[in-house]
Amino acid sequence: MPVIIRKLKEDDVKTLAMIEQESFSRPWSEEDFKELLFLDYARYLVAELDGEVVGSAGMRVVCGEGDIDNVVVSKKHRGKGIAKELVSELVRLGEAEGIKEFTLEVRVGNAAAIHVYETCGFKGEGVRPSFYEAPTEDALIMWRRD
Ligand SMILES: CC(C)(COP(=O)(O)OP(=O)(O)OC[C@H]1O[C@@H](n2cnc3c(N)ncnc32)[C@H](O)[C@@H]1OP(=O)(O)O)[C@@H](O)C(=O)NCCC(=O)NCCS
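The text that follows walks through the structure, step by step, so that each part is easy to find. Each chain carries its own residue numbering, running from 1 in the written order of its sequence. In view of the model being predicted, local features appear only for residues whose pLDDT reaches at least 70, and side-chain atom pairs are presented and counted only at 80 or more, with totals across whole chains, interfaces and linings using the full set of residues.

Considerations on the site of the ligand
- For each residue, a C-beta position is placed from the backbone atoms; the residue is near a molecule or strand when that point lies within 6 Å of it. Lining the immediate environment of the ligand, one finds 19 residues, of which R78, A83, K84, A111 and A112 sit closest.
- Each helix corresponds to a stretch of at least 4 residues labelled H or I by DSSP, and each strand to a stretch of at least 2 residues labelled E; elements are numbered beginning at the N terminus. Secondary-structure elements contributing two or more residues to the shell around the ligand are β4 (65-73), α3 (82-96) and α4 (111-119).
- With six residues, α4 is the largest single contributor of residues to the shell around the ligand.
- For the shell around the ligand, the per-class residue count stands at ten nonpolar, six polar and three charged. Classes in brief: Ala, Val, Leu, Ile, Met, Phe, Trp, Tyr, Cys and Pro nonpolar; Asp, Glu, Lys and Arg charged; the others, Gly included, polar.

Dropping the structure here:
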């Protein structure tokens, strides 16, 4: 069954909030996702597998740059290339609207996520010390530039 990547809809928020709970120490709530539906600078995508929402990734377009955040895939479906598809699609959408630079932050110890971003053309350009809480950890700042 192929993965379908599509825009976030209101019906998705309950499942996404559950995926957040199992994935992050500071998970987004259903309300956090609902707010995104009304932001004209936000592009949020979900991955659907066999009719089930299994992940999401988002981008905010700020000053002509694409700021990618909240890349997450449910534990059950990790390692199937879903995050790569989500991030690649965000980049494709951004490029289609003329965006040439994309950025994101990731925990320095999150090797799986860093690997996904590198595969999608991102490179580490700096470290922001103690950027994350629970637990405290440095952030690697990554960029994808044309
Ligand atoms: C990070 C995350 C989104 C990746 O999702 P995914 O759908 O499993 O990712 P993909 O299947 O597209 O790719 C995973 C890649 O990481 C690799 N990988 C997995 N664990 C790894 C590790 N410990 N070190 C290095 N690479 C690793 C896999 O081999 C795979 O690469 P490959 O296809 O070249 O073999 C998922 O693990 C997740 O939701 N984690 C919790 C939330 C999170 O940390 N999000 C990122 C916030 S910045």
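Observations concerning the nonpolar core
- Grouped together as the largest cluster of nonpolar side chains are 33 residues, with contacts concentrated most on L45, I68, L86, V87 and Y117.
- Going through the elements one at a time, α1 (13-23), β2 (42-49), β3 (52-62), β4, α3, β5 (101-107), α4 and β7 (137-145) are the ones with two or more residues in this core.
- Examining the composition of this core, we find that five residues originate from one element, α3, more than from any other.
- By the convention adopted here, residues make contact when the C-beta atoms placed from their backbones lie within 7 Å. Leave out the neighbours within four places in its chain, and L45 touches I5, R6, K7, L8, S56, A57, L86, E89 and L90. Here a nonpolar core is just a set of buried residues of the types Ala, Val, Leu, Ile, Met, Phe, Trp, Tyr and Cys, joined wherever their C-beta atoms sit within 7 Å. Remark: C-beta atoms are placed from the backbone, and a residue is labelled buried if 20 or more other C-beta atoms sit within 10 Å of its own, exposed if 12 or fewer do, or partly exposed between those counts.

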